[in-house]
Amino acid sequence: MSSDETPNVPTQPHSRAAVREKAQQVSAQQSRARILRRVIIGVIAIVVVGAAGGAVAWAVGAAVSKPSTTPSNLHDDGVVVTKADLAEARKASAPTASPTPSTAGTPTAPASPTPSPTATAGSVDVHIYVDYLSPGAGEFERANAKQLATWVEQDAATVTYHPVALLTANSNGTKYSLRAASAAACVASLQPDAFYAYNHALLTDQPKLDSDGKTDAELADLATSSGVKDAKALKDCIAGTTYASWVKDATSRAAEGPLPGSKKLVLTGAPTIVVNGQAYAGSLTDAAEFSQFVLSVASDAYYGTPAPTAIPTPTVTPTP
């Protein structure tokens, strides 16, 4: 036998078995790791979905439980003027301490010098959209407040004021239009019979365009002098701009249209005056021209109405 021959040593059976067992162990560990990863991913997904669902439920619950910011006593985002409102406005503006001045030599206007509308004429529906910083809105109010009040008292017209905010950017960053309209909504909600007087005061005692406008305290003081009794609630409402979001929404709704009583009209500026669904495009300072427009609209709506006597003249009711 040659000395360089290598003996043929057979592989031990237990060695092959050990290798197979080791491979099986590694495979089992990898399988367990994959299963564990899947379980962890599933748990995380469940937690995430549950958290998202909880967040949605909380948001919905918060939205449901959040108090409404829409003021009360509104009709089509506006406040209807009543005879009682006019009486309160006169009471708020009437002096109480000073003696009545002598009227000797001064003609006294009769209580009802103008005829009432005829039965066939009915009542016209007037909607007035006002931005309290708009010079035109102030001009229209000063020129037409007396005859509008007369028409309401004689049941010749229904008058509704709509506070909007189109000039919010025109007050040096104070957002006066928005704050003033929100303050008007506070008055309408807290004491509706004082709204007309307050609305009139805001329009006739306007700040100039592109000025800071009135402060919140000044807005509250003006409301108090207009007859609002709960001064603290009013100040809190105004300072908190409680109805600012409603003013924005109401302005957007008016801009989208249609305006009440019309089919296609939308808010494009302030003031916007709509009579029986028709927009007034005449002079803001000529009460006679506006009166003639109202008469014409009323005559169109009711055939055969006598023209000159259907609407009262604008000079007899004291300014609120």
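Calculation rules
Position numbers for residues start from 1 in each chain and track the written sequence from start to end. Since the coordinates come from a predicted model, pLDDT governs what is reported: local features require at least 70, and pairs of side-chain atoms require 80 or more to be given and counted, while whole-chain, interface and lining totals use all residues. For the side-chain quantities, the full set of heavy atoms in the structure was used; hydrogens and water were omitted. Secondary structure follows DSSP: runs of H or I at least 4 residues long count as helices, runs of E at least 2 residues long count as strands, and numbering of each begins at the N terminus. Each residue is assigned to one of three classes by its accessible area relative to the maximum for its type, calculated with a 1.4 Å probe on protein chains only: buried under 20%, partly exposed between the two thresholds, exposed over 50%. A contact between two residues is defined here by any heavy atoms of the two lying within 4.5 Å. The Shrake-Rupley method, run with a 1.4 Å probe, gives the accessible areas here. Residue values count only the displayed protein chains as cover. Stacked, edge-to-face and tilted labels apply to pairs of Phe, Tyr and Trp rings (six-membered ring for Trp) whose centres lie within 6.5 Å, assigned for plane angles under 30 degrees, over 60, and everything in between, in that order. Axes here refer to lines fitted to C-alpha atoms; in helices the fit is confined to the stretch in contact. Angles between the N-to-C directions go from 0 to 180 degrees. Left-handed is the label given to a crossing in which the near helix is rotated counterclockwise from the far helix by less than a right angle, and right-handed is the label when the rotation is clockwise. Throughout this entry, Asp, Glu, Lys and Arg are counted as charged residues, while Ala, Val, Leu, Ile, Met, Phe, Trp, Tyr, Cys and Pro are counted as nonpolar. The remaining residues, Gly among them, count as polar.

Let us now look at the overall build of the protein. Of the regular secondary structure elements, the protein holds nine helices and five strands. Order of helices (α) and strands (β) in the protein, N terminus to C terminus: α-β-α-β-α-β-α-α-α-α-α-β-β-α. Among the 320 residues that make up the protein, the fraction classed as buried is 35%. Of the contacts formed within the protein by residues at least 6 apart in sequence, a portion of 74% connects residues at least 24 apart. Carbon together with sulfur atoms contributes 58% to the accessible area of the protein, which is approximately 17,700 Å² in total.

Enumeration over the complete set of coordinates arrives at five aromatic pairs. Taking the centre distance of 5.0 Å and the plane angle of 75 degrees together, the rings of tyrosine 280 and phenylalanine 290 count as edge-to-face. Remark: phenylalanine 290 occurs in helix H9 (residues 287-301) and tyrosine 280 occurs in the loop between strand E5 (278-279) and H9; sequence separation between them is ten residues. This pair shows no difference in class: tyrosine 280 is buried, exactly as phenylalanine 290 is. With 5.1 Å between their ring centres and 50 degrees between their planes, tyrosine 280 and phenylalanine 293 make a pair best called tilted. With tyrosine 280 in the loop between E5 and H9 and phenylalanine 293 in helix H9, this residue pair connects regions lying 13 residues apart in the sequence. Pair check on accessibility: tyrosine 280 and phenylalanine 293 agree, each one buried. Here the aromatic residues Phe140, Trp151, Tyr280, Phe290 and Phe293 are joined through ring pairs into a cluster of three or more.

Closest axis-to-axis distance for the helix H6 (residues 216-225)/helix H7 (residues 231-239) pair is 9 Å, and the angle between their directions is 145 degrees. As for how H6 packs across H7, the hand of that crossing is right-handed. Counting all contacts with H6, which are made through Asp216, Leu219, Ala220, Ala223 and Thr224, the residues of H7 involved are Ala231, Leu234, Lys235, Ile238 and Ala239. When grouped by side-chain class, the residues that make up the contact of H6 with H7 number seven nonpolar, one polar and two charged.

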